[in-house]
Amino acid sequence: MKPVLFVLLLVACVVGSMLQQPTAHAKDASLVGVYACKGMSPEGKPYEGTAEIIETGSTLHIRWTLQPDDAHVVGVCLTVGKHLACSYIINGRPGVAVYEVKGDTLKGRWTAGGADEAWGETLTRRKADQPRQQRQHVKPDPKQHRAV
């Protein structure tokens, strides 16, 4: 009888811990919008630009437009609890960015394949009356965008 009780207790612990884990969602429509983007480059130089999060079907996509050369990076995102995770291709290498969502601000870190560190980036939602960049609502195609 003791082994059965042990197994039941173990199963209860595993199921209980699974119920406490945050659920991954492909999209969170409240994140859709245009954001001012500020971060630090691998060279240690600050950069600025915009990031637009759009809803495409049952997922979210993000498009960063970074200055000064108007470079575009496109990624796909999902939310986990109060975090937004994005994957993308930059200079032919896979990359990932993870942001903590705090109201209209997403504060995060990003890295890319071959790097041995991560860099900071903050996205701040633009107000409706601020100028927006011209948008193209097209499905991301890694062959079509110019990476930084």
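Owing to the predicted nature of the structure, the values given are computational and were not obtained by experimental measurement.

### With respect to the pattern of salt bridges
Here is step 1: Under the criterion given, the structure shown has 2 salt bridges.
Here is step 2: A salt bridge links arginine 125 to aspartate 104; its shortest N-O distance comes to 3.2 Å. Of this pair, arginine 125 sits in strand β9 (residues 119–125) while aspartate 104 sits in the loop between β7 (93–102) and β8 (105–112), and the two are 21 residues apart along the sequence.
Here is step 3: With a relative accessible area of 35%, aspartate 104 lands in the partly exposed category.
Here is step 4: The salt bridge partner of aspartate 104 is lysine 127, with a shortest N-O separation of 3.8 Å. Taken together, the residues span a long stretch of sequence, with aspartate 104 in the loop between β7 and β8 and lysine 127 in the segment after β9 at a distance of 23 residues.

### Here's the deal with the nonpolar core
Here is step 1: Core analysis: the biggest nonpolar cluster contains 23 residues, and Ile53, Ile62, Trp64, Leu84, Cys86, Tyr99 and Leu123 have the highest contact counts within it.
Here is step 2: Within the residue set of this core, elements represented by two or more residues are β2 (33–40), β3 (46–56), β4 (59–66), β5 (71–80), β6 (83–90), β7, β8 and β9.
Here is step 3: Beyond its immediate chain neighbours, meaning those up to four positions away, leucine 84 contacts Leu31, Ile53, Leu60, Cys77, Leu78, Thr79, Ala97, Val98, Tyr99, Val101 and Leu106.

### Digging into the environment of glycine 33
Here is step 1: Relative to the helices and strands, glycine 33 resides in strand β2.
Here is step 2: For glycine 33, a relative accessible area of 14% gives the class buried.
Here is step 3: Between the C-alpha atoms of glycine 33 and isoleucine 62, which are 29 residues apart in sequence, the distance is 9.6 Å.
Here is step 4: Contacts of glycine 33, omitting those with residues within four sequence positions, involve Ala51, Glu52, Ile53 and Arg125.

### Comments concerning the packing of aromatic side chains
The description of an aromatic ring pair rests on the distance of the ring centres and on the angle between the ring planes.
Here is step 1: Counted under the stated rule, the structure contains 2 aromatic pairs.
Here is step 2: Each ring, one from tryptophan 64 and one from tyrosine 88, has its centre 5.3 Å from the other, and the planes form 70 degrees; the classification is edge-to-face. Linking tryptophan 64 in strand β4 with tyrosine 88 in strand β6, this pair joins segments that are 24 residues apart in sequence. Each member of the pair tryptophan 64 and tyrosine 88 is classed as buried.
Here is step 3: Ring geometry for tryptophan 110 against tryptophan 119: centres 4.8 Å apart, planes inclined by 40 degrees, an arrangement best described as tilted. Across the pair, exposure class does not vary: tryptophan 110 and tryptophan 119 are buried alike.

### Comments concerning the environment of leucine 84
Here is step 1: By the secondary structure assignment, leucine 84 is in strand β6.
Here is step 2: On the basis of relative accessibility, which here comes to 0%, the residue leucine 84 falls in the buried class.
Here is step 3: Expressed as a C-alpha distance, the spacing of leucine 84 and tyrosine 99, which sit 15 residues apart in the sequence, is 5.1 Å.

### What to know about the pairing of β7
Here is step 1: As defined by bridge partners, β6 adjoins β7 across 8 bridges and the pair is classed as antiparallel. Bridge pairing links serine 87 to valine 96 in β7.
Here is step 2: Adjacent in sequence and paired antiparallel, β6 and β7 are bridged by 2 residues, among which asparagine 91 carries a positive phi angle near 50 degrees.
Here is step 3: Note: β7 against β8, 8 bridges, orientation antiparallel. Considered in β8, the bridge of glycine 95 is made with alanine 112.
Here is step 4: Adjacent in sequence and paired antiparallel, β7 and β8 are bridged by 2 residues, among which glycine 103 carries a positive phi angle near 65 degrees.

### Let's talk about unusual backbone geometry
Here is step 1: One non-glycine residue, aspartate 70, adopts positive backbone phi at about 60 degrees.
Here is step 2: Mapped onto the fold, aspartate 70 is located in the loop between β4 and β5.
Here is step 3: Notably, asparagine 91 is not glycine yet its phi reads approximately 50 degrees, a positive angle.
Here is step 4: Tracing the chain through its elements places asparagine 91 in the loop between β6 and β7.

The rules behind these values
Residues numbered from 1 in each chain as written. Predicted model: local features only at pLDDT ≥ 70, side-chain atom pairs only at ≥ 80, totals over all residues. Heavy atoms only, no water. Salt bridge = Lys/Arg side-chain N within 4 Å of Asp/Glu carboxyl O. Helix = DSSP H or I, 4+ residues; strand = E, 2+ residues; numbered from the N terminus. Buried < 20%, exposed > 50% of the residue type's maximum accessible area, 1.4 Å probe, protein only. Core = buried A, V, L, I, M, F, W, Y, C linked by side-chain atoms within 4.5 Å. Contact = heavy atoms within 4.5 Å. Phe/Tyr/Trp six-rings, centres within 6.5 Å; stacked < 30°, edge-to-face > 60°. Pairing = 2+ DSSP bridges.

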